[in-house]
Amino acid sequence: MVKIRLRRMGAKNAPFYRVVVSDSRKFPSSTAIEELGYFDPRRNPKAINIKEDRVQHWVSQGAQVSPTVQRLLGKNNVDVAEEATAEA
């Protein structure tokens, strides 16, 4: 199963996350199929940059969005859940 989730990057006590598409059976730090953006919680305000068109593409292909990425997309006013249920 393919999931859209966060991959932790950065140094100790300095987290930085990439939003990636990866196989759910592998570790989140394993090779990603595609990188869709990033999330930097240390900035003020928090930096969120996600390619929404690519998220829509992967959801239409059957990828599941993790709850954390869903919340981040909600902050960017992107609604993936409605489109996923409409196509199913």
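Residues numbered from 1 in each chain as written. Predicted model: local features only at pLDDT ≥ 70, side-chain atom pairs only at ≥ 80, totals over all residues. Heavy atoms only, no water.

Undergrad: I'd like to hear about the overall build of the protein chain, residue by residue, with values.
TA: Of regular secondary structure, the protein chain possesses 3 helices and 5 strands. For the protein chain, the succession of helices and strands along the chain, N to C, is β-β-β-β-α-β-α-α. Evaluated residue by residue, the protein chain yields a buried proportion of 32% over its 88 residues. Counting only contacts in the protein chain whose residues sit at least 6 apart along the sequence, the fraction spanning at least 24 positions is 34%. Per element, the accessible surface of the protein chain, about 5,700 Å² overall, is 48% carbon and sulfur. (Helix = DSSP H or I, 4+ residues; strand = E, 2+ residues; numbered from the N terminus. Buried < 20%, exposed > 50% of the residue type's maximum accessible area, 1.4 Å probe, protein only. Contact = heavy atoms within 4.5 Å. Areas by Shrake-Rupley, 256 points an atom, 1.4 Å probe, with all protein chains shown as cover.)

Undergrad: An account of the sheet that holds strand β3 (residues 34-40) is needed here, citing residue identities and associated values.
TA: Taken in spatial order, the 5 strands line up as β4-β3-β2-β1-β5 in an open sheet, and their pairing is mixed. Strands at the two margins of the open sheet, each flanked by one partner only, are β4 (47-50) and β5 (64-65). Here 2 bridges tie strand β1 (residues 2-11) to β5, and the two strands are oriented parallel to one another. Bridge pairing links K3 to Q64 in β5. Packed onto the sheet, helix α1 (residues 52-60) meets β1, β2 (14-23), β3, β4 and β5 and runs at close to 130° relative to β3. Sitting on the sheet, helix α2 (residues 67-75) is in contact with β1, β2, β3, β4 and β5, with an inclination near 85° to β1. (Pairing = 2+ DSSP bridges. Axes fitted to C-alpha atoms, helices over the stretch in contact; angles between N-to-C directions.)

Undergrad: Describe in detail the pairing of β2, supporting the description with residues and values.
TA: β2 sits mainly inside the fold: 7 of its 10 residues count as buried. In this sheet, β2 lies alongside β1 in antiparallel orientation, the contact comprising 10 bridges. If you follow M9 over to β2, its bridge partner there is F16. Where β2 lies against β3, 5 bridges are found, and the strand directions are antiparallel. Note that in β3 the partner of V20 across the bridge is E35.

Undergrad: Run through the side chain of D40, naming residues and quoting values.
TA: On the secondary structure map, D40 appears in strand β3. Despite being buried, D40 has no salt bridge partner; R43 is the closest side chain of opposite charge, sitting 4.1 Å away. In this structure D40 touches P15, F16, K46 and A47, once residues within four positions along its chain are discounted. (Lys, Arg positive; Asp, Glu negative; His and termini not counted. Salt bridge = Lys/Arg side-chain N within 4 Å of Asp/Glu carboxyl O.)

Undergrad: Lay out the pattern of salt bridges with the relevant residues and their values.
TA: Evaluated as defined, the whole model comprises 3 salt bridges. Note that R54 and E34 form a salt bridge whose closest N and O atoms lie 3.0 Å from each other. Here the residue R54 occupies a position in helix α1, and E34 occupies one in strand β3, the gap between them amounting to 20 residues. Exposure remark for R54: the relative accessible area of 27% places this residue in the partly exposed category. E34 gets classed as buried once you look at its relative accessible area, which sits at 19%.

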